[in-house]
Amino acid sequence: MLEWLDPLMGAGNWTPELVAYAGGENIFGEIGQHTPWITWEELHSADPDVIVLSPCGYTLERAMQDVPLLQNHSFWADLQAVRNGRVYAIDGNQYLNRSGPRLVESAELLARVIWSERLPIVVDNKGWQQIL
């Protein structure tokens, strides 16, 4: 999970718990702790299977505007998630960046992007986008 793209920030507070509920592992951030800053070297070294972008306070459309910040970095193309087409953006403003009544939907969206079509659930298709 990346909650900010320049500079890079992982995801803390309730987001790691949502990732766990969705069947994933949040590698940058801990439950109940503030969101950590991370370096490109740390991201490259971790080489995640899946990357979910949910910049704090951004709609999906606004988050997509910042994707080139990542794509222009020399490490980006080397990441396993990028090579395998497993990078997604989720509307952080609507789902992930604040606790509230949409937490169940947030976990479902995360499960959808983590498990792809292998998980037969219906989610708001306007709430996420695959980044190719």
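Residues numbered from 1 in each chain as written. Predicted model: local features only at pLDDT ≥ 70, side-chain atom pairs only at ≥ 80, totals over all residues. Heavy atoms only, no water.

Enquirer: Even after reading the chapter, I still don't get unusual backbone geometry, so can you show me in this structure?
Expert: Glycine aside, residues mostly have negative phi angles, and peptide bonds mostly take the trans form. The omega angle of the peptide bond from Asp 6 to Pro 7 is 0°, so this bond is cis rather than trans. Residue position: Pro 7 is located in the loop between strand E1 (4-5) and strand E2 (8-9). Positive phi, close to 55°, is recorded for Asn 13, a residue that is not glycine. Looking at where Asn 13 falls in the secondary structure, it is placed in the loop between E2 and helix H1 (15-21). Of note, the phi angle at Asp 47 is positive, near 45°, even though the residue is not glycine. Along the chain, Asp 47 turns up in the loop between helix H2 (40-46) and strand E3 (51-53). (Helix = DSSP H or I, 4+ residues; strand = E, 2+ residues; numbered from the N terminus.)

Enquirer: Which parts of the structure should I look at to understand the sheet that holds strand E5 (residues 128-131)?
Expert: Pairing between sheet strands relies on hydrogen bonds along the backbone, with the strands arranged either parallel or antiparallel. Taken in spatial order, the 3 strands of this open sheet run E3-E4-E5, and their pairing is mixed. At either end of the open sheet lies a strand with only one pairing partner, and these are E3 and E5. Within the sheet, the average angular offset between the axes of one strand and its neighbour, ignoring direction, is 25°. Two strands pair when backbone bridges link them, and strand E4 (residues 87-90) and E5 are joined in this way by 4 bridges, in the antiparallel orientation. Among the inter-strand pairings, Tyr 88 is bridged to a residue of E5, identified as Gln 130. (Pairing = 2+ DSSP bridges. Axes fitted to C-alpha atoms, helices over the stretch in contact; angles between N-to-C directions.)

Enquirer: Whenever I open this one, the environment of Ala 22 confuses me. Can you help?
Expert: On the secondary structure map, Ala 22 appears in the loop between H1 and H2. Here Ala 22 falls in the buried class, since its relative accessible area comes to 6%. On a C-alpha basis, the gap between Ala 22 and Glu 105 in space is 10 Å, while along the polypeptide they are 83 residues apart. Residues contacting Ala 22, with those up to four places away along its chain left out, are Ala 107, Leu 110, Ala 111, Ile 114 and Trp 115. (Buried < 20%, exposed > 50% of the residue type's maximum accessible area, 1.4 Å probe, protein only. Contact = heavy atoms within 4.5 Å.)

Enquirer: Any chance you could explain the side chain of Ser 116 here in plain terms?
Expert: With respect to the helices and strands, the residue Ser 116 is situated in the loop between helix H6 (103-115) and E5. Every residue in contact with Ser 116, bar those within four places of it in the chain, is listed here: Arg 86, Tyr 88 and Ala 111.

Enquirer: Can you walk me through the pattern of salt bridges in this structure?
Expert: As enumerated under the stated definition, the model contains 2 salt bridges in all. Across the salt bridge formed by Arg 62 and Asp 66, the nearest N and O atoms sit 2.9 Å from each other. Residue Asp 66 is classed as buried on the basis of its relative accessible area, which comes to 14%. Among the ionic pairs, Glu 105 bridges to Arg 102, the shortest N-O distance being 3.5 Å. (Salt bridge = Lys/Arg side-chain N within 4 Å of Asp/Glu carboxyl O.)

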